[in-house]
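This is what each chain is made of:
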Amino acid sequence: DKGNHRHFMAKEIHEQPEVVGHTLAYYLDMANDRVRLPKLPFDIASLKHVAISACGTAFYAGLIGKYWFERFARLPVEIDIASEFRYREAPLEPGGLAVFVSQSGETADTLASLRYAAQHGQNILSVVNVPTSTIARESHAVMPTLAGPEIGVASTKAFTCQLAVLASLAVAAGRARGTLSEVDEQRLVAALVAAPGLMAEALKLEPQIEALARNLSKAKDVLYLGRGTSYPLALEGALKLKEISYIHAEGYAAGELKHGPIALIDETMPVIVIAPYDRIFEKTASNMQEVAARGGRIILFTDAKGAEEAGVETEATFVLPDMPATITPFAYAVLIQLLAYHTAVVMGTDVDQPRNLAKSVTVE
Ligand code: M6R
């Protein structure tokens, strides 16, 4: 049932404040701003290494998770696309943690990676949306995302719920390992508790995004840029757009601009910059200036301070409230999803069932 929405994807985008809230409530003690994970069959405090593996959007959630694990828990994380991990014969020290992220829990490459890690003595933890899935069954521990059924082929609410789980786990790991104090934990949990409200704020920008989608639908190629946790979001924004609107899009770490993609910049190519005002904002601002100097069309997702400090003319600037850095991926994800969705609607494509794609990729 799509409710009042034209497509399942629209419904699922709008459900996010609620389902991310449910997922957070499952892992956090919201009244006391503490993490409260279900009991895990291994000791987080003694882990030395984490390997994350997933495909598509779930991989991008894992990539954001890597930034969090490293920052909060000072745990080294390697992350691979599952189709690479399963064949590259990575040496894995026994006793490490291997994390598999999957909405369906049936993705062939992710499952094969899980089996490889299990054979090599890893503790297997999966973040899945379907608790009865094969990946869940073969894991030593399951941290479910409480997104509810996701029908649209383009993953939206599963992605932000995956972020909720990974953030909770990273904070728990930081506490267990002593890299976060109790006060740090409370500050981070309070930030996470605020995420659903900020996602609701992002949804309020929908009319403006819809207006921009008409212009974007005329583009042949679109570039997405971001730094830090906004870099995986740039990748996710590009995937979402190409998957449902069939417009070619690429996501890049903003710092890579001058290592190649800047050659593409001209008046016809929209450059979507995801840049909340943070400690590396100025670096991204100088990338925007490089784009502007070459006549590029900039579409900026930022906050009030970022809009003020950007120092460039943009085609459109979308301003979200200020928020702690930890939760920007939740709110900014909503904007890139809405942009892809409305562009696809203008193009008239089959949003929920894009050509050549299946919801669950059970063959490699
Ligand atoms: O079910 P999974 O999360 O394992 O699926 C992984 C990818 O196939 C999936 O995220 C895919 O990239 C989506 N269509 C993206 O919107």
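Bear in mind the structure is a predicted one, so any value in this text is a computation, not a measurement. (Residues numbered from 1 in each chain as written. Predicted model: local features only at pLDDT ≥ 70, side-chain atom pairs only at ≥ 80, totals over all residues. Heavy atoms only, no water.)

(A) Highlighting the pairing of strand 8 (residues 221-226). The buried count for strand 8 comes to 5 of 6 residues, which makes it a mostly enclosed element. Here 6 bridges tie strand 8 to strand 9 (residues 248-253), and the two strands are oriented parallel to one another. Bridge pairing in strand 9 links G226 to A253. Once you follow strand 8 into helix 10 (residues 230-245) and on to strand 9, the crossover reads as right-handed. With 4 bridges connecting them, strand 8 and strand 10 (residues 270-274) associate as parallel partners. Across the sheet, G226 pairs through a bridge with I274, a residue of strand 10. (Buried < 20%, exposed > 50% of the residue type's maximum accessible area, 1.4 Å probe, protein only. Helix = DSSP H or I, 4+ residues; strand = E, 2+ residues; numbered from the N terminus. Pairing = 2+ DSSP bridges. Right-handed = clockwise from strand over helix to strand, strands pointing away.)

(B) Broad picture of the site of the ligand. If you check the shell around the ligand, you find 14 residues, and the closest are S102, Q103, S104, T107 and E243. The separation between an oxygen atom of the ligand and a polar side-chain atom of S102 is 2.6 Å. Between the ligand and K240, the relevant distance is 2.9 Å, taken from an oxygen atom to a side-chain nitrogen or oxygen of the residue. Protein coverage of the free-state accessible area of the ligand, which is 420 Å², stands at 91%. Counting residues per element, the ones that place at least two in the shell around the ligand are helix 3 (56-73) and helix 10. (Near = heavy atom within 4 Å. Polar contact = N/O pair within 3.5 Å; in protein donor to acceptor, adjacent residues only side chain to side chain. Areas by Shrake-Rupley, 256 points an atom, 1.4 Å probe, with all protein chains shown as cover.)

(C) Quick look at the nonpolar core. Counting 97 residues, the largest nonpolar core has Y224 and F330 as its most contacted members. With residues up to four places along the chain from it excluded, the contact list for Y224 reads A234, G237, A238, L241, A249, E250, G251, Y252, I272, I336 and L339. Grouped together as the second largest cluster of nonpolar side chains are 17 residues, L225, L257, I262 and M269 included. (Core = buried A, V, L, I, M, F, W, Y, C linked by side-chain atoms within 4.5 Å. Contact = heavy atoms within 4.5 Å.)

(D) How the structure looks around the packing of aromatic side chains. Enumeration over the complete set of coordinates arrives at 6 aromatic pairs. Note on F59 and Y60: the rings are 5.7 Å apart at their centroids and 65° apart in plane angle, and the pair reads as edge-to-face. Per residue, the accessibility class of F59 equals that of Y60, and both read buried. Plain terms: the ring middles of F85 and Y116 are 5.7 Å apart, the flat faces sit at 85° to each other, and that makes the pair edge-to-face. Taken together, the residues span a long stretch of sequence, with F85 in helix 4 (residues 82-85) and Y116 in helix 5 (residues 108-119) at a distance of 31 residues. Accessibility classification places F85 together with Y116 in one group, the buried group. K305 extends its terminal NZ or CZ atom over the ring of Y277, reaching a point 5.2 Å from the ring centre. Over the aromatic face of Y246 sits the side chain of R355, whose NZ or CZ is 3.8 Å from the ring centroid. (Phe/Tyr/Trp six-rings, centres within 6.5 Å; stacked < 30°, edge-to-face > 60°. Lys NZ or Arg CZ within 6 Å of the ring centre and 35° of its normal.)

(E) Here's a closer look at the sheet that holds strand 7 (residues 141-142). Taken together, the 5 strands give an open sheet; going across it, the order is 4-3-5-6-7, and neighbouring strands pair in parallel fashion. Looking at strand neighbours, the two that pair on one side only are strand 4 (77-81) and strand 7, the edges of this open sheet. Of the pairings in the sheet, the one linking strand 3 (residues 50-54) to strand 5 (residues 97-102) comprises 5 bridges and is parallel in character. Bridging across to strand 5, S53 finds its partner in F100. Helix 3 rests against strand 3, strand 4 and strand 5 of the sheet, and its axis sits at about 170° to strand 4. (Axes fitted to C-alpha atoms, helices over the stretch in contact; angles between N-to-C directions.)

(F) Spatial organisation of the environment of V312. Topologically, V312 is positioned in the loop between helix 12 (304-309) and strand 12 (316-320). Sequence separation between V312 and Q289 is 23 residues; the distance between their C-alpha atoms is 6.2 Å. Apart from the residues lying within four places of it in its own chain, the contact partners of V312 are M288, Q289, A292 and I298.

(G) How the structure looks around the sheet that holds strand 8. Here we have 5 strands laid out as an open sheet, ordered 9-8-10-11-12, and parallel in their pairing. Where the open sheet ends on each side, the last strands, each with one partner, are strand 9 and strand 12. Going across the sheet, the axis of each strand differs from the next one's by a mean of 15°, ignoring polarity. Bridge count between strand 10 and strand 11 (residues 297-303): 5 bridges; the pairing is parallel. Paired with V271 across the two strands is I298, which belongs to strand 11.

(H) Examining helix 10 more closely. Its 16 residues give helix 10 an end-to-end C-alpha distance of 22 Å, which sits within 8% of 22 Å, the value for a rise of 1.5 Å per residue. The buried count for helix 10 comes to 13 of 16 residues, which makes it a mostly enclosed element. (Expected span 1.5 Å × (residues − 1).)

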